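These are the residues of each chain, in order.
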Amino acid sequence: MCGRTACSLGADNLRRACAYRDRRGRRRQPEWIRAERYRPSYNKGPQSSGPVLLSRRHLQQDADSSERVLMDMRWGLVPSWFKKDDPSKMQFNTSNCRSDTMLKKSSYKGALLKGKRCVVLADGFYEWQQQGGGKQPYFIYFPQSKDAADEGKEGDEEWRGWRLLTMAGIFDCWEPPAGGEMLYTYTIITVDASKDVSFIHHRHVRVGGVAAGQMPAILDGDEAIRKWLDFAEVPTQEAVKLIQPTENIVFHPVSTFVNSVRNNAPECLAPIELGAKKEVKATPSSKVMLGWLKNSQEGSPQKNENDLPRWTSQFIHSPSPKKTSADILQQWLGKEGEPAAKKHKA
């Protein structure tokens, strides 16, 4: 399952990170729709809002279906046919949608057959491993390129920041029966956990009280993203073939600080050493980070976009780097040389 994510990039950098090439090969950045509603977070849970990519044609009928826009939507799909006046009165959880039943369940089937496909964006997602003494959280994300160590700047041809995790989703639009503003919501499609992540799931991890042997359906590469979003050119039966487990992920253990969704800070995804005291090592860089956190976040979980940590890597339009335990995030914390992204070995 996927019950918690992080997306810490500010609105402008998120737009840069989602650059793509249109049908004519022109490099473009998706336009934000209601960008003022977006709030970066290191710890997003269901019912919070998060950034998604979708085809502009969903909002403008004469638009090119390959053109992408960014939109902040609420996590937890509310079907367009829901009749009650309050979405919170729904009797079932729609934050995740199993791939093997998404064309059977009425909550998702209608939206999916209408082409309401989206890509949910995140730095990565969290999973919890059940252990004798409790649950150990892990942060799971795309491998990051080691050769992209320099921070990208506005106007650069290529995004040189953190490679965002791109998860397949379904969205819908609900209108209150009594009238009012339309509510856009989404669900994350899940698939059977890959071999790498099954190391965590094998111990009967439970997320949000639900037994989990599933992980998000990750779209690895811009071609997969293009096909998933372009509903006018790629029919549903063809698009669903993209929904497969991926092995192109890495992970590292993080502090139980992330367990509370109220905690919204870089500590949520900072690597820790298992077996040691579960807190971030006091290195020079992590002291600077924690000092920044104390000064910029006291009294409020929101942070200025320019104050957010700058991650370094490549984004989706570049070929996927080979899997490696080298962790750019670890380097940023001043722990270069210590393995953070750990793989299970049989």
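Residues numbered from 1 in each chain as written. Predicted model: local features only at pLDDT ≥ 70, side-chain atom pairs only at ≥ 80, totals over all residues. Heavy atoms only, no water.

Under an unreviewed UniProt entry, the name given to the chain is Abasic site processing protein HMCES, and the source organism is Cochlearius cochlearius. We quote the UniProt Sequence similarities (unreviewed entry) comment for the chain here in full: "Belongs to the SOS response-associated peptidase family." (UniProt positions renumbered as here; feature names shortened; annotations may be inferred.)

Focus on helix 2 (residues 106–113)
Taken residue by residue, helix 2 has Ser-107, Tyr-108, Ala-111 and Leu-112 as its buried positions. Looking down the long axis of helix 2, one finds its buried residues gathered within 100° of arc, a one-sided arrangement. Where helix 2 is buried, its residues meet strand 8 (96–98), strand 9 (117–122), strand 12 (165–174), strand 13 (183–192), helix 4 (222–229) and helix 5 (236–239). Downstream of helix 2 by a residue or two, Gly-115 has a phi angle that is positive, lying close to 85°. (Buried < 20%, exposed > 50% of the residue type's maximum accessible area, 1.4 Å probe, protein only. Helix = DSSP H or I, 4+ residues; strand = E, 2+ residues; numbered from the N terminus. Arc of directions from axis to C-beta. Contact = heavy atoms within 4.5 Å.)

Considerations on helix 4
Among the residues of helix 4, Asp-222, Ala-224, Ile-225, Trp-228 and Leu-229 are the ones counted as buried. Down the axis of helix 4, the sector holding all buried residues measures 155°, keeping them to one side.

Remarks on the pattern of salt bridges
Inspection of the entire model under this criterion finds 16 salt bridges. Where Arg-26 meets Asp-22, a salt bridge forms, and the shortest distance between an N and an O atom there is 2.8 Å. Overall, Asp-22 belongs to the buried group, its relative accessible area being 10%. In this structure, Glu-238 and Lys-241 form a salt bridge, with 3.4 Å as the shortest nitrogen-oxygen distance. We classify Glu-238 as partly exposed; its relative accessible area is 42%. A single salt-bridge network, built from bridges that share partners, covers Asp-22, Arg-26, Arg-28, Glu-31, Arg-56 and Glu-67. (Salt bridge = Lys/Arg side-chain N within 4 Å of Asp/Glu carboxyl O.)

Details of the pairing of strand 6 (residues 49–55)
For a regular strand, side-chain orientation follows a simple rule: the groups alternate between the two sheet faces. Across the seven residues of strand 6, six count as buried, placing the element largely inside the fold. The pairing of strand 6 with strand 7 (residues 68–75) spans seven bridges and is antiparallel. Following the sheet pairing, Leu-53 is matched in strand 7 by Leu-70. (Pairing = 2+ DSSP bridges.)

Focus on the nonpolar core
Ranked by size, the top nonpolar core spans 74 residues in total, and within it Tyr-126, Ile-170, Tyr-186 and Trp-228 carry the most contacts. In this structure Tyr-126 touches Arg-4, Thr-5, Ala-6, Tyr-42, Tyr-138, Phe-139, Val-254, Val-258, Cys-268 and Leu-269, once residues within four positions along its chain are discounted. (Core = buried A, V, L, I, M, F, W, Y, C linked by side-chain atoms within 4.5 Å.)

Overview of the sheet that holds strand 5 (residues 41–44)
Taken in spatial order, the five strands make up an open sheet running 5-1-10-11-17, and their pairing is antiparallel. Whereas interior strands pair on both sides, the edge strands pair on one side only; in this sheet they are strand 5 and strand 17 (250–253). Strand-to-strand twist across the sheet, computed as the mean angle between neighbouring axes with direction ignored, equals 30°. Of the strand pairs in this sheet, strand 1 (residues 5–7) and strand 5 are connected by two bridges, and their pairing is antiparallel. Residue pairing in the sheet places Thr-5 in a bridge with Lys-44 of strand 5. (Axes fitted to C-alpha atoms, helices over the stretch in contact; angles between N-to-C directions.)

Side note on the environment of Glu-233
The residue Glu-233 is located in the loop between helix 4 and helix 5 in this model. Distance from Glu-233 to Ser-66, taken between C-alpha atoms, is 8.4 Å for residues 167 residues apart in sequence. Dropping the residues within four chain positions of it, Glu-233 is found in contact with Arg-23 and Ser-65.

Describing unusual backbone geometry
Phi angles above zero are rare outside glycine, and Arg-34 is one such case at about 60°. Tracing the chain through its elements places Arg-34 in the loop between strand 4 (31–33) and strand 5. A positive phi angle is found at Gln-47, which is not glycine, with a value near 80°. With relative accessibility at 49%, the residue Gln-47 sits in the partly exposed group.

Comments concerning the packing of aromatic side chains
Enumeration according to the criterion identifies eight aromatic pairs in this entry. Between Tyr-126 and Phe-139 the ring centres are 5.1 Å apart and the planes differ by 45°, which places this aromatic pair in the tilted class. In this pair, Tyr-126 sits in strand 10 (residues 124–131) while Phe-139 sits in strand 11 (residues 134–141), placing the two residues 13 residues apart along the sequence. Looking at Tyr-126, the relative accessible area reads 0%, which means it is buried. Residues Tyr-141 and Trp-162 carry aromatic rings whose centres are separated by 5.3 Å and whose planes lie at 40° to one another, so their mutual orientation is tilted. (Phe/Tyr/Trp six-rings, centres within 6.5 Å; stacked < 30°, edge-to-face > 60°.)

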